[in-house]
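# Analysis of the macromolecular model
Each chain is listed here by its residues.
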Amino acid sequence: MDLGLKNRLVVVGGGSKGMGRAAARRFSLEGARVVIVARTPETLAEAATEITAESSVPVGTFVTDLTAEAGRAALLSAYPAADVLVTNAGVPQRPVNYQDMTRTEWIAWFDAHFFSAIDLIQAYAPGMAERRFGRIVNVSASFIKFPQTNVPSHAARLALAGAIASTVRDVAPYNVTINSVLPGLINTGALREALQDSATKRGVTYETVEKEVLSGTAAGRLAEPHEVGDLIAMLCSTQLGYVTGQNIVIDGGTYTGLF
C-alpha cells in the first residue's frame, strides 16, 4: 500500500540505530526525503549509506544531541520545517534508585524524554498546520502503561503523554496528527546491552536473563526493530489522518490492560 509519503520531508530522531533507523528505512522505501538525526557521525553515515543503497533515495544526516536545548536549536536552524517528525532521543532507560535521585538528575531525564520531544513538536507543528499536513510520532515505551520500579524515564514519558493529549486538538483540524508508539521488548542493541548489564551484576549468563525476560512476554519473543518502524510509518500515512492523540502499545500482547 502506498502511504502517500513520497517526497515528504521526514526528520527522524535517533535515526542511526534500532527503531529510529528502522523507521527511517521504511520512510525512505516509501520515497520520502529522510533526514536522520543522532549524536555519532560514524553510525549516522553508515545508516544513511545503507538505507540509501536499498531505497535509491538519498538520506540526509544531521549530527546533534536532541537532549540538549542547543542541539534542538541547531536542528531547527538547519531544518526549520518538516512534514513528518519522529521524536526519539536515543537515550535508553536505566534503573535508578529514586531515593538517590537529585534534582539535576531528574532534569536530565526530562531533557532526554520530555523536552527533547515537546520542544520539537512546538516548533514544527505550526508550520505543519499552515501547510495542512503533518504527522508526528513519539517513540515512548509500553511501561508508561504500568511504570516499573526505579525507572525515572517513565515519569518523563508520562509527562510527555499528558502534554501531547492537551495539544492534539489544537492541530487536528489542520490535518496534523500526533501519536506515540509504546514499544515493549525490542531486539535492539540497547536492550541487549541492558540484559548483559543485568547478567553481569547478578553473576549469571546472558542466556539466563534473556530466558527470564522472554518468559514474561505473551508472544514468547522479542520484536524486531522493523516491526516498530513499519508501525511508525503507517501512523504517518495520508490514510491515517483521523488517528491522533493515541498511545499505541506494540509489545506482543504483554500489557493486559484494556486502556
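Anything mentioned here points back to the structure above.
The shown structure was predicted, so the numbers you read here are calculated from the model rather than taken from an experiment. (Residues numbered from 1 in each chain as written. Predicted model: local features only at pLDDT ≥ 70, side-chain atom pairs only at ≥ 80, totals over all residues. Heavy atoms only, no water.)

### A few points about the pairing of strand β5 (residues 134-139)
Heads up, the condition is: For the exposure calls, accessible area comes from a 1.4 Å probe over protein chains only, and a residue counts as buried if that area is under 20% of its type's maximum, exposed if over 50%, partly exposed in between. Secondary structure is summarised from DSSP: a helix means a run of H or I of at least four residues, a strand means a run of E of at least two, and numbering begins at the N terminus for each. Paired strands, as defined in this entry, are two strands with at least two bridges between them according to DSSP.
Judged by how many residues are buried, β5 sits mostly within the fold: six of six residues are covered. Side chains G134, I136 and N138 of β5 all project onto a buried face; the interleaved residues R135, V137 and V139 project onto the opposite face, where all are buried too. In the sheet, strand β4 (residues 84-87) pairs with β5 via four bridges, with the strands oriented parallel. For V86, the partnering residue across the bridge sits in β5 and is V137.

### Quick notes on the pattern of salt bridges
To keep things clear, this is the line we draw: Only one rule defines a salt bridge in this text: a Lys or Arg side-chain nitrogen within 4 Å of an Asp or Glu carboxyl oxygen.
Under the defined criterion, the tally for this structure stands at ten salt bridges. Here R26 makes a salt bridge to E30, at a shortest N to O gap of 3.9 Å. What makes R26 partly exposed here is its relative accessible area of 22%. For E30, a relative accessible area of 16% puts it in the buried group. D230 serves as the salt-bridge partner of R26, at 3.1 Å between the closest nitrogen and oxygen. Note that R26 is positioned in helix α1 (residues 18-29) and D230 in helix α9 (residues 225-235), a separation of 204 residues in sequence. Residue classification places D230 among the partly exposed positions, given a relative accessible area of 30%. Via salt bridges that share partners, R8, D83 and R131 belong to a single interconnected network.

### A look at α9
Basically, it comes down to this: The arc under discussion is defined with respect to the helix axis, by the directions toward the C-beta atoms. When checking whether two residues touch, look at their non-hydrogen atoms; a contact exists if any pair is within 4.5 Å.
Listing the buried residues of α9 in full gives P225, V228, G229, I232, A233 and L235. Axial view of α9: buried residues confined to an arc of 160 degrees, hence all on one face. Buried residues belonging to α9 abut α1, β4, β5, β6 (176-183) and β7 (247-250).

### Some points on the packing of aromatic side chains
Defined as follows: The pairing test for Phe, Tyr and Trp rings, Trp by its six-membered ring, is centres within 6.5 Å, and the orientation test on the planes gives stacked under 30 degrees, edge-to-face over 60, and tilted for anything in between.
For the structure on display, the rule yields six aromatic pairs. Look at W106 and F110: their rings are 6.5 Å apart centre to centre, the planes differ by 55 degrees, and that puts the pair in the tilted class. Residue W106 and its partner F110 are located together in helix α4 (residues 103-131), separated by four residues, close to a single helical turn. The partly exposed category is assigned to W106, whose relative accessible area is 27%. Linked through ring pairs, W106, F110, F114 and F115 together constitute an aromatic cluster.

### Focus: the nonpolar core
Counted only if it meets this: Definition of nonpolar core: a set of buried residues of the types Ala, Val, Leu, Ile, Met, Phe, Trp, Tyr and Cys, connected through side-chain atoms within 4.5 Å.
Counting 31 residues, the largest nonpolar core has V12, F27, V34, I36 and I232 as its most contacted members. Those elements that place two or more of their residues in this core are β1 (9-13), α1, β2 (33-38), α2 (41-55), β4, β5 and α9. If we skip the residues at most four places from it in the chain, V34 touches V10, V12, A24, F27, S28, P58, V59 and G60.

### Let's talk about the pairing of β4
Burial along β4 is two-sided: V84 and V86 and L85 and T87, pointing in opposite directions, are all buried. In terms of strand pairing, β1 meets β4 through three bridges, oriented parallel. Considered in β4, the bridge of V11 is made with L85.

### A closer look at the environment of V37
Relative to the helices and strands, V37 is located in strand β2. Residues V37 and G60 lie 23 residues apart in sequence; the distance between their C-alpha atoms is 8.7 Å.

### Side note on the packing of α4 against helix α5 (residues 152-165)
What counts here: Axis angles are defined between N-to-C directions and span 0 to 180 degrees, where every axis is a line fitted to C-alpha atoms and, for a helix, only to the segment in contact. Here roughly perpendicular refers to angles of 65 to 115 degrees, roughly parallel to angles under 35, roughly antiparallel to angles over 145, and oblique to all remaining angles. By the definition used in this description, the sense in which the near helix is turned from the far one sets the handedness, with an anticlockwise turn below a right angle giving left-handed and a clockwise turn giving right-handed. Basically, the charged four are Asp, Glu, Lys and Arg, the nonpolar ten are Ala, Val, Leu, Ile, Met, Phe, Trp, Tyr, Cys and Pro, and anything else, Gly included, counts as polar.
Interhelical geometry of α4 versus α5 gives an angle of 25 degrees and a closest axis separation of 8 Å. When the axis of α4 is compared with that of α5, the two are roughly parallel. Our pair here, α4 against α5, has a crossing hand that is right-handed. Contact residues: W106, W109, F110, H113, F114, A117, I118 and I121 in α4; P152, S153, A155, A156, R157, A159, L160, A163 and I164 in α5. Among the residues forming the contact of α4 with α5, the class breakdown is 14 nonpolar, two polar and one charged.

### Section: the packing of helix α3 (residues 69-78) against α4
One can describe the packing of α3 onto α4 by two numbers: an axis separation of 10 Å at closest approach and a directional angle of 25 degrees. In terms of axis orientation, α3 runs roughly parallel to α4. Crossing of α3 over α4 shows right-handed handedness. Contact residues: α3 offers R72, L75 and L76, while α4 offers D111, F115, S116, D119, L120, A123 and Y124.

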